[in-house]
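# Coordinates in review
These are the residues of each chain, in order.
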Amino acid sequence: MSGKKSDTEEQHDSPARISRRDFLRIAGVAAAGAGATGALGVQTVHGQEAPKFDQEFDVIAVGSGAAGAVAAVIAHEAGAKVALVEKAMLFGGTTAKSGGVYWIPDNRFLKEAGVVEQRQDTLRKMARFSYMHMYNEKDARAGLPQNEWSLLEALYDTGPVVVDELDRIGALHSMPADKPFGPMPDYFEEATEEKVPVDRRLWARKEDGSFGLGDEMMRQLKAALEKRQVPLLMGHRVTSLIRNVKGEVIGVEATRMDKTTVRLRARKGVIFGSGGFTNNKDLVLQFQPGPVFGGCAVPTNEGDFVYMGTAAGARLGQMSSAWRAQIVLEQALQFSSTPDDVFMPPGDSMILVNRYGQRVVNETSNYNERTRVHFIWDSTRHEWTNLLLFMIYDQRTAELYGGRFPLPPAGTQAPYVIKAAGAAELAAALGERLARLATRTGGQTLASGFAETLTAQISRYNAFAAAGADEDFGRGRMLYDRLWHSRVWSFPNQGTAHEVGKTPNPTMHPIAVQGPLYAIILASGTLDTNGGPVINARGEVLDAHGQPIPGLYGAGNCIASPTGPYYYGGGGTLGPAMAFAYLAAKSAAAAPERSAA
Amino acid sequence: MTAASELVQTMALVSCQSAGTDAHRLPTVLTLHDRNGNARHAMGAARTLFGEEPAVLAPQAARPCNPFQSNFEGAPAYAGYSWYLGSDSLMPEPASFGDALCQLELLLGEEALRNRRGVVLHGYGQGAALALALASYGAGNVTGLVVDRCQLPRIAGWTAPSSFAKSLRCLLLGNGSDEELRTRGIICEYAGGGVAPPEWMRSLSTSEDR
């Protein structure tokens, strides 16, 4: 199941007069039209005569998020004549709606703060969690194959370089993301290889010295491209790679909004940074490890590079992976691109339970790891036991943390919040809601005994909260849990009757058993997928035999994630995207001009 | 359309709802905030403009303008939301604009808005653009528009239909040109020209009584 609606769903969803699909089509979403992916592929030039191109460049960057924009600006700085081609009409991709944080190890801000990062320690931590089943601490490459190890080395070595280079050329100014939250740990600070006490997050610095989010990051990069007069071809969907008789990529064909096509010559290389495939129902169904109900990626992220890359002979990797996050089920069903995800369920008097009323996860663990619990297949019951999870909370959490998504702010109400007097009434109301959503969830129901189990789980949780230790899932044990809870996602409202800081574990407070109780239905979602063609440490796309496909490069969520499925810390998506965009741009700009004929 | 699909369509929006002192005699106000707005502020603005008499429903857009908004110490207490992407309210990003239109059209079919006196769409900026677009589709039982400007959004590849309700009345809160609406048969009046919104609302119900 994906965030994209089927024809049947679209008919049901569409009110009498307004069609969402019409607007998706206008937005450049290919799946909104017929033959969405059939046109994607490769054209090979035959014969002696050079093919005709409408415009000629050295390097073409595809996509206007962090990967595409960084690739374009770096290739330009390296002396290439560059164009950026974007499928949507809006610049910035998913980066522009993100928090805009980038994870950069060994960055200059850490050094300025006196933090000495040991390359081997960090590389081994990265290797251990990205490729846990292969990890061997005694091996020189930590047990990893050469290419996977080289990618981690490239990320470690290049991350700081790209940040400094973008700053030096005035394309993107950075600052540590330790303001206003304070220093924060990465997403598993208990790793034995982790020796850096503070995190490695950076984000954009505005002119006035304050921090900017994803929209500011993309504003700066867009301004840098415009200043360099790099053409930004918006509303151009790349549909074909163009190859010469030697199999080298020498350009692309793109379809514009008016259905006309344009052929663009790339004398040195084409760099894809076109996003993942969250919004491609078929790819999600075929490759993801379980049901995905939607995601935050922009609607145009439909995995176009998967089709063109494989048509060019690329080897695919990490197709079952994604940057995962929980989403509110009803929101996911209503938006073509989920507006927001549940980074951490807010509240201390709050738990997540499954259809049996059973807690199944540390609610304060990071979003990527927490969401994986949705994919547990119960081999005894033959079901996705945690397909949907129910965020259960009381009046304290509703008032103290109202406004922290997905809790509605004080004075407002949200139809996706279900309120009842107690556990039995809540079970009845949830059952009714699930029945009304059944056509969109595979008929998911609550198990009999839900209310009784929920009541028992609340009692057990309350005892843990009073003692300060969650014996089941270790909630609040890690610094990550405590700091991201109290400083960010569950920062308390002022002026309520409730007190914070009175329990031994700040992430836990007993849930009021007398009610009322509230529930919100959560489902698995993505920030975006992160599988696609495999690259090497130069950003070159590899073929099935591990050899570079000449003239084809990639970075960001459209390629097989160089860090595997593991999310190292805040900015674990954008940091690698920027590093490999930089490497791809340098490689492409330095490549020989490839013959068109 | 099944009950389930209707439910799915109308379940995601946070909203403020306020009963009016004379709600049964007046249209219900559906107030739509601007970019970086929220439901509580929209409710306050609507009450200031229309007084206490009409019922008001203030839905809140779902797109937080800042993913970390008000979630940490030192952040501004104000939490803003947007209906659609794009910094110019008259040039929306199409997919998110379409999402918002679909949600609001379904909202117009909700029980709270099934007022026999009809619904007045009220909005500023993004809210005004959505109100005009909704009205252009003839969505819901819309009997009036109260907007700060009356230009329909510009989206390449999209033309607003002209299914406006017959003799739809529009009260303009700003001083922009009303030519685009007048050519579509909408009766335009100006709040700046001495027309007070509460009296204008009452005139809507009076004309229906006649």
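In what follows, the accompanying structure is described. (Residues numbered from 1 in each chain as written. Chains lettered and ligands numbered in written order. Predicted model: local features only at pLDDT ≥ 70, side-chain atom pairs only at ≥ 80, totals over all residues. Heavy atoms only, no water.)

### A few points about the overall build of chain B
How we decide: Secondary structure elements follow DSSP: runs of H or I of four or more residues count as helices, runs of E of two or more count as strands, with numbering from the N terminus. Relative accessibility under 20% of the residue-type maximum defines a buried residue, over 50% an exposed one, and the middle range a partly exposed one, all with a 1.4 Å probe and only protein chains included. For the area figures, the Shrake-Rupley method with a 1.4 Å probe applies, and any residue is considered shielded solely by the protein chains shown.
Helix and strand counts for chain B stand at six helices and nine strands. The proportion of buried residues among the 210 residues of chain B is 61%. With an accessible surface of roughly 7,900 Å², chain B has 49% of that area assigned to carbon and sulfur atoms.

### Quick word on the sheet that holds strand E8 (residues 169-172) of chain B
Strand pairing within a sheet occurs via backbone hydrogen bonds; the two strands may be parallel or antiparallel. Residue and element names in this part refer to chain B. Selection criterion: DSSP bridges decide pairing: two strands pair if at least two such bridges lie between them. Every angle, taken between N-to-C directions, lies between 0 and 180 degrees, and every axis is a line fitted to C-alpha atoms, over only the stretch in contact when it is a helix.
An order of E1-E3-E2-E6-E7-E8-E9 is seen for the seven strands of this open sheet, with the pairing classed as mixed. On the outer flanks of this sheet lie strand E1 (14-18) and strand E9 (187-190), each paired with one strand and no other. Across the sheet, the mean angle from the axis of one strand to that of its neighbour is 20°, orientation sign disregarded. In the sheet, strand E2 (residues 28-32) pairs with strand E3 (residues 56-60) via two bridges, with the strands oriented parallel. Directly across from Leu30, in E3, lies its bridge partner Leu57.

### Structural notes on the packing of aromatic side chains
Residues and elements named next belong to chain A. Note the threshold: Pairing of aromatic side chains here covers Phe, Tyr and the six-membered ring of Trp, requires ring centres within 6.5 Å, and sorts the geometry by plane angle: under 30 degrees stacked, over 60 edge-to-face, intermediate tilted.
Under the definition given, this model contains 23 aromatic pairs over all chains. Taking the centre distance of 6.4 Å and the plane angle of 80° together, the rings of Tyr187 and Trp484 count as edge-to-face. Linking Tyr187 in the loop between strand E5 (174-176) and strand E6 (201-205) with Trp484 in helix H16 (residues 479-489), this pair joins segments that are 297 residues apart in sequence. The same class applies to Tyr187 as to Trp484, namely buried.

### Some details on the nonpolar core
Residues and elements named next belong to chain A. Inclusion rule: Throughout, nonpolar core names a set of buried Ala, Val, Leu, Ile, Met, Phe, Trp, Tyr and Cys residues whose side chains join them through atoms within 4.5 Å. Contacts are assigned to residue pairs with any non-hydrogen atoms lying within 4.5 Å of each other.
Among the nonpolar cores identified, the biggest contains 101 residues, and Leu166, Met217, Leu221 and Phe272 are the most heavily contacted of them. For this core, the leading source of residues is helix H17 (residues 574-590), giving twelve residues. With near-sequence residues (within four places) excluded, Leu166 lies in contact with Val70, Val73, Ile74, Ala171, Leu172, Leu221 and Met578.

### Comments concerning the interface of chain A and chain B
Condition: Two parts lose some accessible area (1.4 Å probe) when they are put together, and adding that loss for both gives the buried area. By definition, a salt bridge exists where a carboxyl oxygen of Asp or Glu is found within 4 Å of a side-chain nitrogen of Lys or Arg. Polar here means any residue other than Ala, Val, Leu, Ile, Met, Phe, Trp, Tyr, Cys and Pro, which are nonpolar, and Asp, Glu, Lys and Arg, which are charged; Gly is therefore polar.
Listed per partner, the contact involves 52 residues of chain A and 51 residues of chain B. Taken together, both faces of the contact between chain A and chain B bury some 4,600 Å²; the carbon and sulfur share is 66%. Looking only at chain A, the three residues that lose the most surface to chain B are Ile18(A), Phe23(A) and Gln334(A), adding up to 15% of its buried area. Note that Asp99(B) and Arg20(A) form a salt bridge whose closest N and O atoms lie 2.9 Å from each other. Across the side of chain A that touches chain B, the residue classes tally to 27 nonpolar, 14 polar and eleven charged.

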